[in-house]
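So you can see what is in the structure, the chains are spelled out below.
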Amino acid sequence: MRTATRHRLDAAWQALRLWLGATVLPAQCALCGMGCPQVLCSPCRAQYLGQLRHRCRQCANPLDDVATLCGRCLRQRPAYDATITAFDYAAPVDQLLLQLKFGARLALAPLLAELLHVAIQQQPEWEAPQLLCPVPLGPARLAERGFNQALEIARPLARLLDVALQPRLALRVRDTRAQSGVAPQERQANLAHAFAIAPEYAPLLQGRHVGIVDDVMSSGHTVNALAAACKSAGAARVSILVVARTPPR
């Protein structure tokens, strides 16, 4: 009898909490701050995330014409084969990533994975990878932050794509300075020999298509270094799946 009463009280309290959360204490949109039941309200989603841009097939930089590759990729092909992004890294939607990365709002990760999944579904020639690999953080950065934002996004994305997630496939074997604090001409050197494939996972790469997941792609040197490590270990194809792409200045 006491157990049944306790279960009924627990259920009533849970129902009250849900009612308070939906009415008296509504959730707030991560962009505009207005009360809404979702992490991102419908008006903000339609205004800031409703338009697809024509992009370079390989690096996802915006293109003004009908070309499929940008001049940079035509001059020097990167190690990766394709890139898909959900939106440009610009105000105000950059706040979604800043709140996740520096505000530890981990509840935003499933939303960002969903937005990336929508962008992937809109690609007419999408070729699904056979496994996903989040960009790893170095031990010092991981200890400082407490989580890897790329892994937090990759988890729900793997479920949406029904693709195996391999979070320990790649290792950051050398702690590097944050790319945002490095001069553009020094960024490639900053990431030289920064990544390696864990020996016990290397057989998974042989002849396979790998999807590298990250939050933001700026110069592209980080994902290019990891893609090169995957190709050296035997991967046949590497696609970059990144939530936001910094437009070229």
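Residues numbered from 1 in each chain as written. Predicted model: local features only at pLDDT ≥ 70, side-chain atom pairs only at ≥ 80, totals over all residues. Heavy atoms only, no water.

Enquirer: So, the overall build of the protein: which residues are in play, and what are the values?
Expert: A tally of helices and strands in the protein yields nine helices and seven strands. For the protein, the residues scored as buried account for 44% of the 249 residues in total. Residue pairs at least 24 apart in sequence account for 69% of intrachain contacts in the protein once pairs closer than 6 positions are excluded. (Helix = DSSP H or I, 4+ residues; strand = E, 2+ residues; numbered from the N terminus. Buried < 20%, exposed > 50% of the residue type's maximum accessible area, 1.4 Å probe, protein only. Contact = heavy atoms within 4.5 Å.)

Enquirer: Can you break down the nonpolar core residue by residue, with the values?
Expert: Within soluble globular proteins, side chains that are nonpolar tend to cluster in buried spots. Counting residues in each nonpolar core, the largest one holds 36 residues, and the members touching the most others are Phe87, Leu112, Leu157 and Leu241. Elements represented by at least two residues in this core include exactly α2 (42–49), β1 (82–88), α4 (94–103), α5 (108–121), α7 (149–161), β6 (209–217) and β7 (237–245). The element best represented in this core is α5, accounting for nine residues. Within the second largest apolar cluster, 30 residues are counted, among which are Cys59, Leu69, Leu226 and Ala233. (Core = buried A, V, L, I, M, F, W, Y, C linked by side-chain atoms within 4.5 Å.)

Enquirer: Summarise unusual backbone geometry; cite the residues concerned and give the values.
Expert: Pro92 follows Ala91 through a cis peptide bond whose omega is 0 degrees. For Pro92, the location among the structural elements is in the loop between β1 and α4.

Enquirer: So, the state of the cysteines: which residues are in play, and what are the values?
Expert: Per the stated rule, a full pass over the model turns up zero disulfides. There is no disulfide at Cys230, and the cysteine sulfur nearest it, in Cys133, is 5.4 Å away. Under the relative-accessibility criterion, Cys230 is labelled buried at 0%. (Disulfide = S-S within 2.5 Å.)

Enquirer: Requested: an account of the pattern of salt bridges, with residues and values cited.
Expert: The full count for this structure, using the stated rule, is seven salt bridges. One salt bridge in this structure joins Lys101 and Asp215, with 3.7 Å as the shortest N-O distance. With Lys101 in helix α4 and Asp215 in strand β6, the pair connects residues that are 114 residues apart, well separated along the chain. Residue Lys101 is classed as partly exposed on the basis of its relative accessible area, which comes to 23%. Owing to a relative accessible area of 3%, Asp215 belongs among the buried residues under this scheme. (Salt bridge = Lys/Arg side-chain N within 4 Å of Asp/Glu carboxyl O.)

Enquirer: Residue-level account of the sheet that holds β7, with values.
Expert: Judged by pairing direction, the sheet is parallel, and its five strands sit side by side in the order β1-β7-β6-β2-β3 without closing on themselves. This sheet does not close on itself; its edge strands, each paired only once, are β1 and β3 (164–165). Across eight bridges, the pairing between β6 and β7 is parallel. Across the sheet, Asp214 pairs through a bridge with Val242, a residue of β7. Against the sheet, α4 makes contact with β1, β6 and β7, and its axis sits at roughly 95 degrees relative to β6, the strand it touches most. (Pairing = 2+ DSSP bridges. Axes fitted to C-alpha atoms, helices over the stretch in contact; angles between N-to-C directions.)

Enquirer: So, the packing of α4 against α5: which residues are in play, and what are the values?
Expert: Contact pair α4 / α5: the axes reach a minimum separation of 10 Å and the direction vectors enclose 140 degrees. When the interaxial angle is binned, α4 and α5 end up oblique. As α4 runs across α5, the sense of the crossing is left-handed. Seen from α4, the contacting residues are Leu96, Leu97, Gln99 and Leu100; seen from α5, they are Leu108, Ala109, Leu111, Leu112 and Leu115. Of the residues contributing to the contact of α4 with α5, the split by class is eight nonpolar, one polar and no charged. (Parallel < 35°, antiparallel > 145°, perpendicular 65-115°, else oblique. Left-handed = near helix turned anticlockwise from the far one by under 90°. Nonpolar A, V, L, I, M, F, W, Y, C, P; charged D, E, K, R; others polar.)

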